Amino acid sequence: MAEILVLFYSRKGSTAELARQVCRGIESVPGARARLRTVPQVTAVIEQPEPAVPSEGPPFATHDDLRECDGLVMGSPTRFGNMAAPLKYFLDGTSALWASGALAGKPAGVFTSTQTMHGGQETTLMSMMMPLIHHGMYIVGLPYTEPALTQTRAGGSPYGASHVVGSNAPGKLTDDERVLASLLGKRVAELAVRLGNAR
């Protein structure tokens, strides 16, 4: 069974909802299952550190989650055209995995959410790809053969799935955004299964 790690950070729920759609796509692939994980906030307060287990939602990711996965789909809200600090902080601590090649040869995809249409979605997706490329992962995008990519009037990019919050409540994805997030998970899972079968 190919296990795909869906690793994300979310503040208001939009990126978390994209993550759930990605998981649905993964679970639609025979021979694949999703492992949903998040990362803790980065804070300057040192008197009261984050608990080891979050009070709600999925567990916090560990390096073992990365080591054990057969593929990775990673998401973050955009912060000035870049991934959010908590996700970058987690990735910055993965040099031992890089040195051992633990992620090399595994497929990966990325997803994001922004408040506005031109809020830096594509640069955020690219910023998440860079460390994954350094880890030797195969980057999976979304093809224009998928109708939702050309008809979307909200999120969606060949670089990965995305969501534009706009004036909507956080987490209210459009139909096209849901389809594209699910497709991203499906494509990463399908490649992971194929790679596993080829070994």
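Structure: above.
Keep in mind it's a predicted model, so treat the numbers as computed, not measured.

Asks: Looking at this model, I keep getting lost on the overall build of the chain. Mind explaining?
Replies: Looking only at helices and strands, one finds seven helices and seven strands in the chain. Its C-alpha atoms give the chain a radius of gyration of 16 Å, within 12% of the compact-globule value 16 Å for 199 residues. Judged by the C-alpha coordinates and their principal axes, the chain covers about 50 × 40 × 30 Å. Buried residues in the chain amount to 50% of all 199 residues. Within the structure as shown, the chain displays about 9,800 Å² of accessible surface, and the carbon and sulfur contribution to it stands at 54%. Of the side-chain charges in the chain, 18 are positive and 17 negative, and the distance between the mean point of each set is 2 Å.

Asks: What should I look at first to understand the nonpolar core in this one?
Replies: Most often, soluble globular proteins have nonpolar side chains that are buried together. Of all hydrophobic cores here, the largest spans 28 residues; its most connected members are Ile4, Val6, Val22, Ile26, Val73, Phe111 and Leu142. For this core, the secondary-structure elements that each account for two or more residues are β1 (2-8), α1 (14-27), α6 (147-151) and α7 (175-198). A total of eight residues in this core trace back to one element, the largest contributor, which is α7. Setting aside residues up to four positions removed in sequence, Leu142 forms contacts with Leu149, Ser157, Pro158, Gly160, Ala161, Leu180, Leu183, Leu184 and Arg187. Leu7, Ala102, Val110 and Met137 belong to the second largest nonpolar core, which has 24 residues in total.

Conventions we followed
Residues numbered from 1 in each chain as written. Predicted model: local features only at pLDDT ≥ 70, side-chain atom pairs only at ≥ 80, totals over all residues. Heavy atoms only, no water. Helix = DSSP H or I, 4+ residues; strand = E, 2+ residues; numbered from the N terminus. Rg over C-alpha atoms; globule rule 2.2 N^0.38 Å. Buried < 20%, exposed > 50% of the residue type's maximum accessible area, 1.4 Å probe, protein only. Areas by Shrake-Rupley, 256 points an atom, 1.4 Å probe, with all protein chains shown as cover. Lys, Arg positive; Asp, Glu negative; His and termini not counted. Charge placed at Lys NZ, Arg CZ, Asp CG, Glu CD. Core = buried A, V, L, I, M, F, W, Y, C linked by side-chain atoms within 4.5 Å. Contact = heavy atoms within 4.5 Å.

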